[in-house]
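# Per-entry structural report
Residues per chain, in single letters:
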Amino acid sequence: MINADLHIHTIYSADAVIQPKTLIDLLVSHSFIKVAAVTDHDSVRGCRATIELASAYPDILIIPGVEISTTRGDVLVLGTDELPPKPWTPEVVVDFAKSIDGVSVAAHPFRMYGLGKNAFNYKLDAIEVQNGGSSSDANAQAKILARSLGLPGTAGSDAHNISELFSVFNKVNASLNVDSILQSIKKGQVTAQVTRGTKH
Ligand SMILES: [Zn+2]
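So, here is what we can say about the structure in this document. These figures come from a predicted structure and were not determined experimentally. (Residues numbered from 1 in each chain as written. Predicted model: local features only at pLDDT ≥ 70, side-chain atom pairs only at ≥ 80, totals over all residues. Heavy atoms only, no water.)

## Remarks on the overall build of the protein chain
Within the protein chain, the secondary structure is distributed over 5 helices and 9 strands. In the protein chain, the succession of helices and strands from N to C terminus is β-α-β-α-β-β-α-β-β-α-β-β-α-β. Considered along the principal axes of its C-alpha atoms, the protein chain spans approximately 40 × 35 × 30 Å. Expressed as a percentage of the 200 residues in the protein chain, the buried residues total 54%. Counting every atom, the protein chain has about 8500 Å² of accessible surface; 52% of that belongs to carbon and sulfur. With 17 positive and 20 negative side-chain charges, the protein chain shows a separation of 5 Å between the mean positions of the two kinds. (Helix = DSSP H or I, 4+ residues; strand = E, 2+ residues; numbered from the N terminus. Buried < 20%, exposed > 50% of the residue type's maximum accessible area, 1.4 Å probe, protein only. Areas by Shrake-Rupley, 256 points an atom, 1.4 Å probe, with all protein chains shown as cover. Lys, Arg positive; Asp, Glu negative; His and termini not counted. Charge placed at Lys NZ, Arg CZ, Asp CG, Glu CD.)

## Overview of helix α4 (residues 136-149)
In this model α4 runs 20 Å from its N-terminal to its C-terminal C-alpha over 14 residues, within 8% of the 20 Å that 1.5 Å per residue would give. Residues of α4 that are buried sit in contact with β6 (126-131). In the stretch just after α4, G150 is the one whose phi turns positive, near 65°. (Expected span 1.5 Å × (residues − 1). Contact = heavy atoms within 4.5 Å.)

## Points about the coordination of the zinc ion
The protein atoms that coordinate the zinc ion are H7 (NE2), H9 (NE2), E67 (OE) and D158 (OD), at distances spanning 2.1 to 2.2 Å. With 4 donor atoms in place around the zinc ion and angles of 81 to 175° between them, the coordination shape is irregular. When the donors of the zinc ion are listed by position in the chain, the intervening gaps give H-x1-H-x57-E-x90-D. Of this pair, E67 sits in strand β3 (residues 61-69) while D158 sits in the loop between β7 (153-156) and β8 (168-172), placing them 91 residues apart in sequence. D158 shares its class with E67; the two are buried. (Donors = N, O, S within 2.8 Å, 3.2 Å for Na, K, Ca; no water. Tetrahedral: all angles 85-135°; square planar, octahedral: opposite > 155°, others 65-115°.)

## Things to note about the environment of D158
Given the relative accessible area of 7%, D158 is considered buried. Spatially, the C-alpha atoms of D158 and D137 are 17 Å apart, while their sequence positions differ by 21 residues.

## Some thoughts on the side chain of S157
Here S157 shows up in the loop between β7 and β8. S157 gets classed as buried once you look at its relative accessible area, which sits at 2%. Within the local environment of S157, its side chain forms a polar contact with the side chain of D5, the two groups lying 2.7 Å apart. There is a polar contact of 3.5 Å between the side chain of S157 and the backbone oxygen of H7. Contact partners of S157, with chain neighbours within four places excluded, come to D5, H7, I8, G132, G133, E164, L165, F166, S167 and V168. (Polar contact = N/O pair within 3.5 Å; in protein donor to acceptor, adjacent residues only side chain to side chain.)

## Some points on helix α3 (residues 90-99)
By the burial criterion, the buried members of α3 are P90, V93, V94, F96 and A97. Buried residues of α3, viewed axially, fall in a sector of 155°; they line one side. The exposed set on the far side of α3, more than 90 degrees from its buried face, consists of D95 and S99. Looking at the buried residues of α3, the elements they touch are β3, β4 (74-78) and β5 (103-106). D101 sits one or two residues past α3 and shows a positive phi near 65°. (Arc of directions from axis to C-beta.)

## Considering the packing of aromatic side chains
The full count for this structure, using the stated rule, is 1 aromatic pair. With a centroid separation of 5.2 Å and 65° between ring planes, the pair formed by F32 and F169 is classed as edge-to-face. Taken together, the residues span a long stretch of sequence, with F32 in the loop between α1 (20-29) and β2 (35-41) and F169 in strand β8 at a distance of 137 residues. Its relative accessible area of 35% is what places F32 among the partly exposed residues. (Phe/Tyr/Trp six-rings, centres within 6.5 Å; stacked < 30°, edge-to-face > 60°.)

## Re the environment of H108
Along the chain, H108 turns up in the loop between β5 and β6. Put simply, H108 and Q130 are 22 residues apart on the chain and 7.7 Å apart in space, counted from C-alpha to C-alpha. If we ignore the near neighbours within four places in the chain, the residues touching H108 are H7, E67, D74, Y113, G114, E128, N131, S134 and D158.

In structure tokens form, the structure reads like this:
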């Protein structure tokens, strides 16, 4: 079983202050979360930099990813260190995720910049049902959305600073490699967990 935080920002997001090296140090020292997806806003520079630094630590794993500001709301793509082609509509981004065998996730659907019920219109792979920066009400709505769509629910701290890291995590029935984790998420072998409660 893998414990993973699937939504983290680094200094490569304009609004975040987490250094890649700090994230790695905190993963190395964390008692049970050893996997993190680096998903900067519209940039893959953060995941590339973090993966390069993480290669020296065999016990941790960084999943490459990005949070794309699509025309209808934020969509996470897990499993890529390349940006999707433009225009960044939800359809283009979701299709890109499929083409690379990655995972598309509606990020915080019921918060600002979320897809909301527009998520019904796209062939997403998962819904973020536990976002560390969302209210419990918004997360509850996201759970209902995931259930209505029959999609797996994921968790992400959406950390922009160190104190927000690992507030939530996923238990994934997978081994410690990116493909195994992504395939298990798509099969629904993932459960969203809360480490210490969300912000609000
Ligand atoms: Zn985010």
